[in-house]
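Observations on chain architecture
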Amino acid sequence: MKQVRPKKNLGQHFLTDLNIAKRIADTVDVCPDIPVLEIGPGMGVLTQFLVEKPRQVKAVEIDDESVRYLNEKFPKLRDNIIGDDFLKMDLRQVFDGKTFVLTGNYPYDISSQIFFKMLDNKELIPCCTGMIQREVALRIASKPGSRQYGILSVMIQAWYDTEYLFTVDEDVFNPPPKVKSAVIRMTRNGVQDLGCDETLFKRVVKTVFNQRRKMLRVSLKPLFNKETMPSPEFFANDMMTKRPEQLAVADFVELTNRVASVMGK
């Protein structure tokens with residue numbers, strides 16, 4: 001069977017260590033009894049361990065060469081290998097509206113986009129696991145006060161409990177990436193309602209982290225125009241002397257409600 005050639009434009013780095021592949025596959029066991037959707041299976045190094053589990057497995061792969069390879073290597077999966085762009089898919093149609101675990105060795109250059117799509121479909125995805133660039137994994141799992149804490153940290157931790165599981169070195173890939181990788185797991189927490197306007201919450205988080213080194217009394221101002229700019233008293237609150245990386249999710253919820261009150265929302 002002809003091997004698939006890793007394609008630079010797709011950010012393909014094929015994992016070659018079977019022990020690590022099995023460890024990644026086993027991360028889905030925290031959410032048993034529901035189907036699994038694997039993103040970017042490549043040549044199936046992770047897929048081969050996922051299909052051994054007593055649950056339905058589907059895989060979405062954008063690379064036509066990989067799709068042909070997977071169809072040949074996993075004939076039983078032939079009807080469950082989806083040749084498509086995950087970012088453009090309607091996830092409600094994958095398992096007929098049922099919940100599923102998301103996993104994969106994610107392409108580094110679109111991993112953040114994948115997780116934002118996960119958030120948009122959080123009611124379908126109670127658990128997400130997989131391997132990404134170590135820097136992004138640290139960002140997702142970091143706590144307030146950390147240098148890595150940022151937009152992705154807050155947005156994901158609002159809805160998911162995050163775990164940094166283990167680091168993966170460069171030499172177990174073909175071709176080796178220039179950075180270390182890491183395996184993470186995100187499991188839905190009990191939050192069903194943030195207690196604020198979710199759309200405004202996203203705007204507030206993104207706006208203040210765009211000027212992360214500045215105090216909130218400065219970084220919040222782009223949210224307002226001349227008509228909606230709050231009074232000086234609004235910016236005199238003690239919270240406004242903090243920088244965004246100092247705020248936990250609950251603080252951002254409170255901040256969003258403060259902003260909403262002066263916007264009339």
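This section reports on the structure supplied with the text. (Residues numbered from 1 in each chain as written. Predicted model: local features only at pLDDT ≥ 70, side-chain atom pairs only at ≥ 80, totals over all residues. Heavy atoms only, no water.)

Remarks on the overall build of the protein chain
The helix and strand tally for the protein chain stands at ten helices and nine strands. The C-alpha extent of the protein chain, read off along each of the three principal axes, is 70 × 40 × 30 Å. Split into buried and exposed, the 265 residues of the protein chain put 52% on the buried side. As displayed, the protein chain offers around 13200 Å² of accessible surface, 47% of which is attributable to carbon and sulfur atoms. When the 39 basic and 34 acidic side-chain charges of the protein chain are each reduced to a single mean position, those positions are 5 Å apart. (Helix = DSSP H or I, 4+ residues; strand = E, 2+ residues; numbered from the N terminus. Buried < 20%, exposed > 50% of the residue type's maximum accessible area, 1.4 Å probe, protein only. Areas by Shrake-Rupley, 256 points an atom, 1.4 Å probe, with all protein chains shown as cover. Lys, Arg positive; Asp, Glu negative; His and termini not counted. Charge placed at Lys NZ, Arg CZ, Asp CG, Glu CD.)

Some thoughts on the environment of Phe115
Along the polypeptide, Phe115 turns up in helix α4 (residues 111-120). In this structure Phe115 comes out as buried when scored by relative accessible area, which is 0%. Note: C-alpha distance between Phe115 and Val172 (57 residues apart in sequence) is 24 Å. Excluding residues within four positions of it along the chain, Phe115 makes contact with Tyr106, Cys128, Ile132, Ile140, Ile156, Ile184 and Met186. (Contact = heavy atoms within 4.5 Å.)

Topic: unusual backbone geometry
In the Ramachandran plot, Asp33 falls in the positive-phi region, its phi being about 70 degrees despite a non-glycine side chain. Tracing the backbone through its elements, the reader meets Asp33 in the loop between α1 (18-26) and β2 (36-39). For Asp96, which is not a glycine, the phi torsion comes out positive at approximately 55 degrees. Residue position: Asp96 is located in the loop between β4 (81-82) and β5 (101-104). Looking at Asp96, the relative accessible area reads 70%, which means it is exposed.

Re the packing of helix α7 (residues 198-209) against helix α10 (residues 249-263)
Contact pair α7 / α10: the axes reach a minimum separation of 9 Å and the direction vectors enclose 105 degrees. Judged on the interaxial angle alone, α10 and α7 are roughly perpendicular. Along its contact with α7, which presents Leu200, Phe201, Arg203, Val204, Val205, Val208 and Phe209, the element α10 presents Val249, Phe252, Val253, Leu255, Thr256, Val259, Ala260 and Met263. Of the residues contributing to the contact of α7 with α10, the split by class is 13 nonpolar, one polar and one charged. (Axes fitted to C-alpha atoms, helices over the stretch in contact; angles between N-to-C directions. Parallel < 35°, antiparallel > 145°, perpendicular 65-115°, else oblique. Nonpolar A, V, L, I, M, F, W, Y, C, P; charged D, E, K, R; others polar.)

Examining the nonpolar core
Of all hydrophobic cores here, the largest spans 57 residues; its most connected members are Leu102, Phe115, Met118, Phe201, Leu220 and Phe252. Per element, the largest residue contribution to this core is seven residues, and it comes from α10. Phe49, Met131, Phe166 and Val183 belong to the second-largest nonpolar core, a separate cluster that totals 23 residues. (Core = buried A, V, L, I, M, F, W, Y, C linked by side-chain atoms within 4.5 Å.)

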